[in-house]
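Read off the chains here:
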Amino acid sequence: MALRALLSRKTLGLSQGVVQNQLRGLQTFSLPDLSYDYGALEPAISGEIMQLHHQKHHQTYITNYNKALEQLQDAVTKCDSASVVKLQSAIKFNGGGHINHSIFWNNLTPVREGGGEPPKGSLGWAIDTHFGSLEALVQKITAEGAAVQGSGWVWLGLDKELKKLVVETTANQDPLVTKGANLVPLLGIDVWEHAYYLQYKNVRPDYLKNIWKVINWKYASGVFEKECP
């Protein structure tokens, strides 16, 4: 949304001083802390994978996102529309990587803290209504995640307009909103190889089978209840 505003004719046509005022409060992003230790999800996900995934991969997306935003600020200040357009892909990829991973960490929790416990309340009811059962939903997400070609994500989302749960996949680091402005992510599973290769090698289905043991359905339920009261 912010990028679209920056790309509008009105913004690109503003005087240099006004543009600088608009961008003066440019936000930068930092790596969020995890609510659990790196090894707390074992044996489903190894501590080594979690540490590399969080400290290296997620941090790289944030670093490059902040860099692209700084470059965008400079380009808009100079009214350099060609550079503004050129930066869109870097902002989408790295910003999407930050958004997706921030959701992903919240979607996981140790078994001792409720990881893998089935959803209750309104989300559990909605899953039964739209998919028949939790088991059917898990099978659908697992199958679609395994079928993603290359790198990407598999999602359980809420279509706020239709009041309906949906399963979607996105390529690379595209966030769920790229599939529809009304879609709210409840659960996202990273199927990039960096999320599982050190432990599961190239057997993505085994990773997808075991990750359900540490899924934080309480978090997903909280988002659902907020967005669909």
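Everything numeric here is computed off the predicted structure, so don't read it as measured data.

Caption draft 1: Region of the structure containing the packing of helix α7 (residues 121-131) against helix α8 (residues 134-146). For the pair α7 and α8, the least separation of the axes is 8 Å and the interaxial angle reads 70°. By the angle class used here, α7 and α8 are roughly perpendicular. Of the residues in α8, those touching α7 at Ile127, Asp128 and Phe131 are Leu134, Ala136, Leu137 and Lys140. The residue inventory of the contact of α7 with α8, partitioned by class, reads 5 nonpolar, no polar and 2 charged.

Caption draft 2: The sheet that holds strand β2 (residues 164-171), seen in detail. The 3 strands lie next to each other as β2-β1-β3, forming an open sheet whose pairing is antiparallel. The strands lining the two open edges of the sheet, one partner per strand, are β2 and β3 (183-190). The sheet shows a mean angle of 25° between the axes of neighbouring strands, direction not considered. Here strand β1 (residues 152-159) runs beside β2; their pairing, made up of 8 bridges, is antiparallel. Its bridge partner lying in β2, Asp159 is registered against Lys164. Across the sheet, α7 lies against β1, β2 and β3, angled at about 80° from β2, the strand it touches most.

Caption draft 3: Main features of the environment of Thr109. Following the sequence through the fold, Thr109 ends up in the loop between α6 (88-106) and α7. When the C-alpha atoms of Thr109 and Val214 are compared, they prove to be 5.4 Å apart, with 105 residues separating the residues in sequence. When near neighbours in sequence (up to four residues on either side) are disregarded, Thr109 contacts Tyr36, Leu41, Gly114, Gly115, Val214, Ile215 and Asn216.

Caption draft 4: Here's a closer look at the packing of α7 against helix α11 (residues 217-227). Close contact between α7 and α11 brings their axes to 8 Å; oriented N to C, the two are set at 90°. Our classification of the angle between α7 and α11 gives roughly perpendicular. For the pair α7 and α11, contact is made by Ser122, Leu123, Ala126 and Ile127 and by Trp217, Ala220, Ser221, Phe224 and Glu225, respectively.

What counts, and where the lines are drawn
Residues numbered from 1 in each chain as written. Predicted model: local features only at pLDDT ≥ 70, side-chain atom pairs only at ≥ 80, totals over all residues. Heavy atoms only, no water. Axes fitted to C-alpha atoms, helices over the stretch in contact; angles between N-to-C directions. Helix = DSSP H or I, 4+ residues; strand = E, 2+ residues; numbered from the N terminus. Parallel < 35°, antiparallel > 145°, perpendicular 65-115°, else oblique. Contact = heavy atoms within 4.5 Å. Nonpolar A, V, L, I, M, F, W, Y, C, P; charged D, E, K, R; others polar. Pairing = 2+ DSSP bridges.

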